[in-house]
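Chain by chain, the residues:
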Amino acid sequence: MRELPLAILLAVVAVGLLFLGAGTLRWPAGWGFVAATGAGFVLHRAHVARRNPDLFARRDAAGAGGAAWDRVWLAAFWPLMLSVPTTAGLEVRLGGRPLEPWLWPAGALVFGLGLALSAAAMAVNPSFEGTARVQRELGQQVVEAGPYRRMRHPGYAGLALWALSMPLLLLSRWALAPAALAAAWVVLRTALEDRMLRRELAGYAEYARRVRWRLLPGVW
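Reading the values: rules and limits
- Residues numbered from 1 in each chain as written.
- Predicted model: local features only at pLDDT ≥ 70, side-chain atom pairs only at ≥ 80, totals over all residues.
- Heavy atoms only, no water.
- Helix = DSSP H or I, 4+ residues; strand = E, 2+ residues; numbered from the N terminus.
- Rg over C-alpha atoms; globule rule 2.2 N^0.38 Å.
- Lys, Arg positive; Asp, Glu negative; His and termini not counted.
- Charge placed at Lys NZ, Arg CZ, Asp CG, Glu CD.
- Expected span 1.5 Å × (residues − 1).
- Buried < 20%, exposed > 50% of the residue type's maximum accessible area, 1.4 Å probe, protein only.
- Arc of directions from axis to C-beta.
- Phe/Tyr/Trp six-rings, centres within 6.5 Å; stacked < 30°, edge-to-face > 60°.
- Lys NZ or Arg CZ within 6 Å of the ring centre and 35° of its normal.
- Polar contact = N/O pair within 3.5 Å; in protein donor to acceptor, adjacent residues only side chain to side chain.
- Axes fitted to C-alpha atoms, helices over the stretch in contact; angles between N-to-C directions.
- Parallel < 35°, antiparallel > 145°, perpendicular 65-115°, else oblique.
- Left-handed = near helix turned anticlockwise from the far one by under 90°.
- Contact = heavy atoms within 4.5 Å.
- Nonpolar A, V, L, I, M, F, W, Y, C, P; charged D, E, K, R; others polar.
- 1 Å grid on protein atoms, 1.4 Å probe; cavity = no way out; pocket = protein on both sides within 12 Å on 5 of 7 lines; lining within 4 Å.
- Points joined across faces, edges and corners; volume = space filled by probe spheres on them.

Draft legend 1. Seen up close, the overall build of the protein chain. A tally of regular secondary structure across the protein chain gives eight helices and zero strands. What you see in the protein chain, going N to C, is helices and strands ordered as α-α-α-α-α-α-α-α. Relative to the 2.2 N^0.38 estimate, which gives 17 Å for 220 residues, the radius of gyration of the protein chain is 18 Å and therefore close to what a compact globule would have. Taken along the three principal axes of its C-alpha coordinates, the protein chain extends 55 × 35 × 30 Å. Considering the protein chain, the positive charge centre built from 24 side chains and the negative charge centre built from 13 side chains are found 4 Å apart.

Draft legend 2. How the structure looks around helix α1 (residues 3-22). If you check α1, its first and last C-alpha atoms are 29 Å apart, about what 20 residues at 1.5 Å a residue would give, namely 28 Å. Turning to α1, its buried residues number three or more, namely Glu-3, Ala-14, Leu-18, Phe-19, Gly-21 and Ala-22. The buried residues of α1 occupy one face: seen down the axis, they fall within an arc of 160°. Every exposed residue of α1 that faces more than 90 degrees away from the buried side is listed here: Val-12 and Leu-20. Gly-23 sits one or two positions beyond α1 and adopts a positive phi of about 75°.

Draft legend 3. Spotlight on the packing of aromatic side chains. Applying the stated criterion to the full structure yields eight aromatic pairs. Centroid distance Phe-19 to Trp-27: 6.0 Å. Interplanar angle 80°. Geometry classified as edge-to-face. In this structure Phe-19 comes out as buried when scored by relative accessible area, which is 8%. On the basis of relative accessibility, which here comes to 8%, the residue Trp-27 falls in the buried class. On the numbers, 4.6 Å between centres and 15° between planes, the contact of Trp-73 with Phe-77 is stacked. One end of the pair, Trp-73, and the other, Phe-77, are both in helix α4 (residues 68-93), four residues apart, so they sit about a helical turn from each other. Accessibility classification places Trp-73 together with Phe-77 in one group, the buried group. By the ring-pair criterion, three or more aromatic residues cluster together here, those being Phe-41, Trp-73, Phe-77, Trp-78, Phe-111 and Trp-162. The residue whose ring lies beneath Arg-45 is Phe-56, and the NZ or CZ to ring-centre distance is 3.9 Å.

Draft legend 4. Spatial organisation of the environment of Glu-193. Mapped onto the elements, Glu-193 comes out in helix α7 (residues 176-200). Only 2.3 Å separates the side chain of Glu-193 from the side chain of Tyr-156, close enough to count as a polar contact.

Draft legend 5. How the structure looks around the packing of α4 against helix α6 (residues 154-170). Between α4 and α6, the least distance of the axes is 9 Å, while the angle of their chain directions is 15°. Here α4 is positioned roughly parallel relative to α6, judged by the angle of their axes. Note on packing geometry: the crossing formed by α4 with α6 is left-handed. The residues of α6 that touch α4, namely those facing Trp-73, Phe-77, Trp-78, Met-81, Val-84, Pro-85 and Ala-88, are Leu-159, Trp-162, Ala-163, Met-166, Pro-167 and Leu-170. Here the contact of α4 with α6 is composed, by residue class, of 13 nonpolar, no polar and no charged.

Draft legend 6. Local environment of the layout of surface pockets. Put simply, the second largest pocket is a space of about 200 Å³. Leu-117, Met-151, Ala-157, Ala-160, Leu-161, Leu-164, Ala-183, Val-187, Leu-215, Leu-216 and Pro-217 are the residues that line the second largest pocket. If you list the elements that add at least two residues to the lining of the second largest pocket, you get α6 and α7. Tallying contributions element by element places α6 first for the lining of the second largest pocket, with four residues.

What follows is the structure, given as structure tokens:
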């Protein structure tokens, strides 16, 4: 399936699970989550389309050759991400105690930072694809522009921040656990892909010596 229809389908499923789990449409935090994430992703796509207009077409035409471990990773990742709004909805239905309202702006800040990192990476990387593989047919090269000057995997950093922002935007205590698990799953993919790129992408090992940090500068 092409990327945009798939993204719309995932968004519809996420919203459906959110309110189906809650058993009600009268949930301000749920609607706040929908509004914030919807607006964020529209702005994200618009920015990338303006700065790197050919990227989405290349992503839709992604070639074969993805790592076998990555297919397993992808099969688990989206169910993990969808479990976050589902869990938050169930917490509302079952009368759980929500997080403090002041955490909503913190969640919006984390979400915005994650989208900004992702958009900046996609804007400068012509090989930014949804699968873990070396794009030999496109002559993939190491990218050192934009956020890649400070971290080797800014797109994954943005993805992890998106996962961690969801419980805060939903004010859901219960959703903290699946969100943390989804973020940890992103860290695992980062480590596996980094090892693959060191082995298969020309110049990447030298780049990794220049840019030490994978996701979080100063930490890892």
